[in-house]
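Coordinate analysis (summary)
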Amino acid sequence: MTATADRGAVRVPVHGLTVLYDDRCTLCTHLRDWLVRQPQLVPLTLVPAGSDEARHRFPGLDHSATLDEVTVVGDSGQVYRDTAAWIVVLWALREQRPLAHRLSTPAGARLARGAVLAASWWRGGQGTGQPFRREDGWLYEPGVGWLYDPPGCDDGVCATR
C-alpha cells in the first residue's frame, strides 16, 4: 500500500483547506468575504474555481465541475464536494464547528443538503421564477419546491455517486 492510499481523517489530519468558489457569483463572493472574517481553527485559502491558480494547484481536478459545485481540497489531497464541502468549511471555523458536527449527523445532513440546494437554485436562476434542474436529478419548481428525479440509465448502466 502506498502512503497516500488511505487519506482518512484518522490517519491524515487536515491542517489547511483550499475553498474553490465561483468569483462570478455574488452569493459565492459574499460567502468568501464572510469566511475571511471568521476566526479559523483550520486555515482557509480561497481560490477562484477554474482560475489559472486553481488549475496550477490542483491539476487532477475536473475544474469545470468546481464551477458547478462547491469544492474544498485538504492539504493532504482530500477532496470534499457539495454538501460535504460546506460542512468541512464550517468545521474549520471556530464559531461554526459545533454546527458542522450537528450537520454531519443523518438528520443534519438533510438540512445541509437543503441549504446547498437552495444556494444552487439561487445561483442557477437567481430567483427568475423558472424551473432549475441540476445534473444530479434535483429539480426546483417555483410554487412546488424541490423534487428529485434521478438521472436515467438509458444504456443500462447507472453512475453511482
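As a starting point, this report considers the structure included with it. (Residues numbered from 1 in each chain as written. Predicted model: local features only at pLDDT ≥ 70, side-chain atom pairs only at ≥ 80, totals over all residues. Heavy atoms only, no water.)

1. Re the nonpolar core
Counting 20 residues, the largest nonpolar core has Leu17, Val19, Leu35, Leu44, Val72, Tyr80 and Val89 as the members making the most contacts within it. Looking at this core, the elements that each hand over two or more residues are strand 1 (17–21), strand 2 (44–48), helix 4 (82–92) and helix 5 (97–103). A total of 6 residues in this core trace back to one element, the largest contributor, which is helix 4. Setting aside residues no more than four positions away along its own chain, Leu35 makes contact with Gln40, Leu44, Leu46, Val89 and Leu93. (Core = buried A, V, L, I, M, F, W, Y, C linked by side-chain atoms within 4.5 Å. Buried < 20%, exposed > 50% of the residue type's maximum accessible area, 1.4 Å probe, protein only. Helix = DSSP H or I, 4+ residues; strand = E, 2+ residues; numbered from the N terminus. Contact = heavy atoms within 4.5 Å.)

2. Some remarks on the side chain of Thr66
By the secondary structure assignment, Thr66 is in helix 3 (residues 63–68). Once residues lying within four places of it in the same chain are set aside, the contact partners of Thr66 are Leu20, Ala49, Gly50, Leu61, Thr71 and Arg81.

3. Topic: the pairing of strand 2
Among the 5 residues that make up strand 2, 4 are buried, leaving the element largely enclosed by the rest of the structure. With 5 bridges connecting them, strand 1 and strand 2 associate as parallel partners. Note that in strand 2 the partner of Thr18 across the bridge is Thr45. What joins strand 1 to strand 2 is helix 1 (residues 26–37), and the crossover it makes is right-handed. (Pairing = 2+ DSSP bridges. Right-handed = clockwise from strand over helix to strand, strands pointing away.)

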